[in-house]
Amino acid sequence: MSVLAGMALVSQAGSSYCIPTEISHCKTAQNMVIGMAGSIDASKLKETPSRFSSLSCNSSKTPQILSSESSSVGTKRGHRVVVAASPPTEDTVIAAEPLTKEDLIGYLASGCKPKENWSALVKKSFLLLALGNKLVYIPFHFVLVDTRIGTEHEKFGFEIGTSRPMKYEQIAELLHGIAERFDWDKIMEGDNIIGLKQGKQSISLEPGGQFELSGAPLETLHQTCAEVNSHLYQVKAVAEEMGIGFLGIGFQPKWGLKDIPVMPKGRYDIMRNYMPKVGSLGLDMMFRTCTVQVNLDFSSEADMIRKFRAGLALQPIATALFANSPFTEGKPNGYLSMRSHIWTDTDNNRAGMLPFVFDDTFGFEQYVDYALDVPMYFVYRKKKYIDCTGMSFRDFLAGKLPCIPGELPNLNDWENHLTTIFPEVRLKRYLEMRGADGGPWRRLCALPAFWVGLLYDEDSLQSVLDMTADWTPEERQMLRNKVPKTGLKTPFRDGLLRHVAEEVLKLAKDGLERRGFKEVGFLNAVAEVVSTGVTPAEKLLELYHGKWGQSIDPVFEELLY
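The rules we used
Note that residues are indexed from 1 along each chain, following the sequence as it is written. Restriction of local features to residues with pLDDT of at least 70 applies here, the model being predicted, together with a cutoff of 80 or more for giving and counting side-chain atom pairs; totals for whole chains, interfaces and linings are based on all residues. Where side-chain values are given, they derive from all heavy atoms of the structure, hydrogens and water being excluded. When the centres of two rings from Phe, Tyr and Trp lie within 6.5 Å, Trp using its six-membered ring, the rings pair. Their planes under 30 degrees apart give stacked, over 60 give edge-to-face, and anything left gives tilted. Think of it as a cone above the ring: NZ of Lys or CZ of Arg counts as a charge over the ring if it is within 6 Å of the ring centre and within 35 degrees of the ring normal. Runs of E in the DSSP output that reach at least two residues are strands. Runs of H or I that reach at least four are helices, and both are numbered from the N terminus. Criterion used throughout: strands pair if DSSP finds at least two bridges between them. We define a salt bridge as a side-chain nitrogen of Lys or Arg found within 4 Å of a carboxyl oxygen belonging to Asp or Glu. The rule is simple: take the accessible area with a 1.4 Å probe, protein chains only, and divide by the maximum for that residue type; under 20% is buried, over 50% is exposed, in between is partly exposed. Disulfide: a pair of cysteine sulfur atoms within 2.5 Å of each other. The criterion used for residue contact is that any of the two residues' heavy atoms lie within 4.5 Å. Here an angle of 0 to 180 degrees is reported between the N-to-C directions of two axes, which are lines fitted to C-alpha atoms, with helices fitted over the stretch in contact. If you view the pair so one helix is near and one far, a crossing is left-handed when the near helix is turned anticlockwise from the far one by less than a right angle, and right-handed when it is turned clockwise. Amino acids are sorted into nonpolar (Ala, Val, Leu, Ile, Met, Phe, Trp, Tyr, Cys and Pro), charged (Asp, Glu, Lys and Arg) and polar (every other residue, Gly among them). Expected span of a helix, by definition, is 1.5 Å for each gap between consecutive residues, and there is one gap fewer than residues. Our arc is simply the arc of the directions from the helix axis toward the C-beta atoms. Joining through side-chain atoms within 4.5 Å is the link that ties buried Ala, Val, Leu, Ile, Met, Phe, Trp, Tyr and Cys residues into a set, and such a set is a nonpolar core. Each residue gets a pLDDT score, which is the predictor's confidence in that residue and runs from 0 to 100. Polar contact is the term for a pair of N or O atoms within 3.5 Å; when the atoms are in protein, one must be able to donate a hydrogen and the other to accept it, and sequence-neighboring residues count only if both atoms are side-chain atoms.

### A short note on the packing of aromatic side chains
(1) Moving on: Throughout the structure, instances matching the rule amount to 19 aromatic pairs.
(2) Moving on: Every member of this aromatic cluster is reached through a ring pair, and the members are Phe308, Phe356, Phe362, Tyr367 and Tyr370.
(3) Moving on: The cationic tip of Arg476 hangs over the ring face of Phe358; the distance from NZ or CZ to the ring centre is 3.4 Å.

### Here we look at the environment of Val530
(1) Moving on: Here Val530 lies in helix H15 (residues 524-532).
(2) Moving on: The spatial distance from the C-alpha of Val530 to the C-alpha of Leu321 is 7.4 Å, given a sequence separation of 209 residues.

### With respect to the pairing of strand S8 (residues 192-198)
A regular strand carries its side chains on alternate faces of the sheet.
(1) Moving on: Both strand S7 (residues 185-189) and S8 contribute to a ladder of five bridges, which runs antiparallel. Bridge pairing in S8 links Glu189 to Asn192.
(2) Moving on: Two successive antiparallel strands, S7 and S8, enclose a turn made up of two residues, where Gly190 displays a positive phi of approximately 65°.
(3) Moving on: For S8 and strand S9 (residues 201-205), the ladder comprises four bridges, and the chain directions are antiparallel.

### Quick look at the pattern of salt bridges
(1) Moving on: For the coordinates displayed, the defined rule picks out 35 salt bridges.
(2) Moving on: Between Asp347 and Arg350 there is a salt bridge whose closest N-O contact spans 2.7 Å. Here the two residues Asp347 and Arg350 agree in accessibility, since each one is buried.
(3) Moving on: Linking Asp459 and Arg514 is a salt bridge whose minimum nitrogen-to-oxygen distance equals 3.9 Å. With Asp459 in helix H12 (residues 458-468) and Arg514 in helix H14 (residues 497-515), the pair connects residues that are 55 residues apart, well separated along the chain.
(4) Moving on: Of the residues examined, Asp459 reaches a relative accessible area of 47% and is grouped as partly exposed.
(5) Moving on: Residues joined by salt bridges that share partners form a network here, namely Lys101, Glu365, Asp369, Asp373 and Arg394.

### Overview of unusual backbone geometry
(1) Moving on: A positive phi angle is found at Arg493, which is not glycine, with a value near 55°.
(2) Moving on: The class for Arg493 is partly exposed, based on a relative accessible area of 45%.
(3) Moving on: Non-glycine residue Gln550 carries a positive phi angle of around 60°.
(4) Moving on: Secondary-structure assignment places Gln550 in the loop between helix H16 (536-545) and helix H17 (555-558).

### Notes on the state of the cysteines
(1) Moving on: In total, this model carries two disulfides according to the counting rule given.
(2) Moving on: Residue Cys388 pairs covalently with Cys403 via a disulfide, S to S 2.0 Å. In this structure, the disulfide formed by Cys388 and Cys403 twists by about 85° around the S-S bond and is classed as right-handed. On the criterion of sequence distance, the pair formed by Cys388 in the loop between strand S17 (384-387) and helix H9 (393-397) and Cys403 in the loop between H9 and helix H10 (411-418) is long-range, its members being 15 residues apart.
(3) Moving on: On the accessibility criterion, Cys388 (0% relative accessible area) is buried.
(4) Moving on: Disulfides within the chain link the bonded cysteines, taken in sequence order, as 1-4, 2-3.

### Some words on the pairing of S17
(1) Moving on: The sheet contact formed by strand S16 (residues 378-381) and S17 spans four bridges and is antiparallel. Bridge assignment links Arg381 to a residue of S17, and that residue is Lys384.
(2) Moving on: Connecting the antiparallel pair S16 and S17 is a turn made up of two residues, with Lys382 showing a positive phi of about 50°.

### A short note on H15
The α-helix advances 3.6 residues per turn, and as a result positions three or four apart in sequence lie on the same side.
(1) Moving on: Those residues of H15 that sit buried are Ala525, Val526, Ala527, Val529 and Val530.
(2) Moving on: Looking at the packing, one finds that the buried side of H15 touches helix H6 (301-321), helix H11 (441-455), H14 and H16.
(3) Moving on: Count one or two residues on from H15 and you reach Gly533, which has phi positive near 75°.

### Looking at the packing of H6 against H11
When two helices pack together, their arrangement is given by the angle between the helix axes and by the axis-to-axis distance.
(1) Moving on: Interaxial distance between H6 and H11 falls to 11 Å at its minimum, and their mutual angle equals 150°. When the axes of H6 and H11 are compared, the crossing they make is right-handed. Two secondary-structure elements touch here, H6 through Lys307, Ala310, Gly311, Leu314, Gln315, Ile317, Ala318 and Leu321 and H11 through Phe450, Trp451, Leu454 and Leu455.
(2) Moving on: Looking at side-chain class alone, the contact of H6 with H11 contains nine nonpolar, two polar and one charged residues.

### Examining H14
(1) Moving on: Between the first and last C-alpha of H14 there are 27 Å, a value that for 19 residues agrees with the 27 Å anticipated at 1.5 Å per step.
(2) Moving on: Where H14 is concerned, the buried positions are Leu497, Val500, Ala501, Val504, Leu505, Leu507, Ala508, Gly511, Leu512 and Arg515. Summarising the axial view, the buried residues of H14 lie within an arc of 165°, below the 170-degree limit, and thus occupy one face. The exposed residues of H14 that point more than 90 degrees off its buried face are Lys506 and Glu513.

### Quick notes on the nonpolar core
(1) Moving on: Ranked by internal contacts, the top residues of the largest apolar core, which has 153 residues, are Phe211, Phe308, Tyr367, Trp414, Phe450, Trp451 and Leu454.
(2) Moving on: If sequence neighbours within four positions are ignored, Trp414 has contacts with Leu104, Tyr107, Val368, Ala371, Leu372 and Phe393.

### Digging into the environment of Ala446
(1) Moving on: Position of Ala446 relative to the elements: it lies in helix H11.
(2) Moving on: Aside from chain neighbours lying at most four places away, what touches Ala446 is Phe322, Phe522, Leu523, Ala525 and Val526.

### Quick look at the confidence of the model for the chain
(1) Moving on: Overall, the predicted model of the chain reaches an average pLDDT of 84, with 77% of residues at or above 70.
(2) Moving on: Below pLDDT 50 for its whole length, residues 1-56 participates in 205 contacts with residues either more than four positions away or in separate chains.
(3) Moving on: Counting interchain partners and residues more than four positions distant, the pLDDT-below-50 stretch residues 58-87 has 103 contacts.

### Brief notes about the side chain of Gln252
(1) Moving on: Assignment of secondary structure puts Gln252 in the loop between strand S11 (244-247) and helix H4 (266-278).
(2) Moving on: Owing to a relative accessible area of 5%, Gln252 belongs among the buried residues under this scheme.
(3) Moving on: A distance of 3.0 Å separates the side chain of Gln252 from the backbone nitrogen of Lys254, its partner in a polar contact.
(4) Moving on: Separated by 3.3 Å, the side chain of Gln252 and the backbone nitrogen of Trp255 make a polar contact.
(5) Moving on: Not counting residues within four places of it along the chain, the set of residues in contact with Gln252 comprises Phe156, Pro165, Ile260, Arg288, Phe327, Thr328, Glu329 and Phe556.

Below you can see the structure in the form of structure tokens.
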């Protein structure tokens, strides 16, 4: 047995353990252990930097099967392979035993970053080598890292002059140009380039060619905004030479579905055929929307629950503050956030406000139960997407999936499935805040600032939970339904949502102040919206009816990156 293959995860705490997911296939059986050991208890362990894959903190002595988000091929042991879980991938985590519901729960729990470790420290630990029946201890040191902020944003590419959406051929040329000029790795699907990767950052294509940056997990909002600026510089440097511009808005303002190109990605073909069966606006969601979102860590199951509830309760406020999609096919559409409205009739089996998150029994297990019952889209095998639309992951666990009968899922399949669930806040191994429209660069920095100030500061988070504790499910759903149309002017209890937003903004500012990184300035774009009560969409409508002379074309200059 190699030293790497013999590394076993053991904590001296006894009652709990934490597993860094870099090396991740663990079972309690003789000579069946791979992992890392520490000389300190679970509350003292910390991950090495990785995109939000951190620790599994479970009250059990039996480790779960986990997966890494590294893109490299992992360790082979006998017939087992430990590899990346990033979809899609040929390499899979093959368990000695079939996956169980407990393994799926353990996967989500592996996102825990114990709060005691939210600072960069060097810790002393040791490797525990399982060599036959002997245990050998080797001391070593590792560095603990902070909680992170990950920002994702989408934008529409268009031809300067005609304002027509970019064709795939133009997008491919742009991706090749960025890769070659700025040293990105190309991501291919068959013969087609479909994205780029550089370190922890990636560029991907949404179904209608929306250009998405998935940023690296970073420590401060200064780093996050610098990353956004660097990305926009690189894109613009290549795109301008091609006569291409990019638009920061939440919904395609001019062109109809028939005008939008279709990207050559197998999963999107399956989704495009399925969407009209489950909602009237699913194709609009796929091809004509853009969003900005932030991904944030949690320290424990209890911390996840608190942040999940705060995020869901306040998501309509974020939708109002960032509302930026008032036009459809050249005219006002009656909404301030058409993008947000579209999600109300896309597929209600996989979208919405998740009222069960506020139940006393909610936790990782309850989210797994929910996800197991969300109909599947596909399974990825042999470099092909297999249509499994409408089928059950529960049946997949039992080897009874009609599209691939007898085959059992792996953690790659579970991770893929989690990406096809679209609630206003989504749980993976981190929490995604999904309620905001895409917008110009300043608001791309403001969105993570808003949520970091509220959720990464304990006092602000508790204040949000206190403020929203007596909001009923009906009130939360009412805000979800009405805010896309009326924004901050939405009536709420004895006043307007704007009045709640004023209090929430103060909590976000206070939270950022207490972080001590001089990040409050990133909230300026949001502060202007709250102080005036005028959303970005209402400003656009004022321009449309005034200076623009009821022409939509000036928006391509107004919101050009």
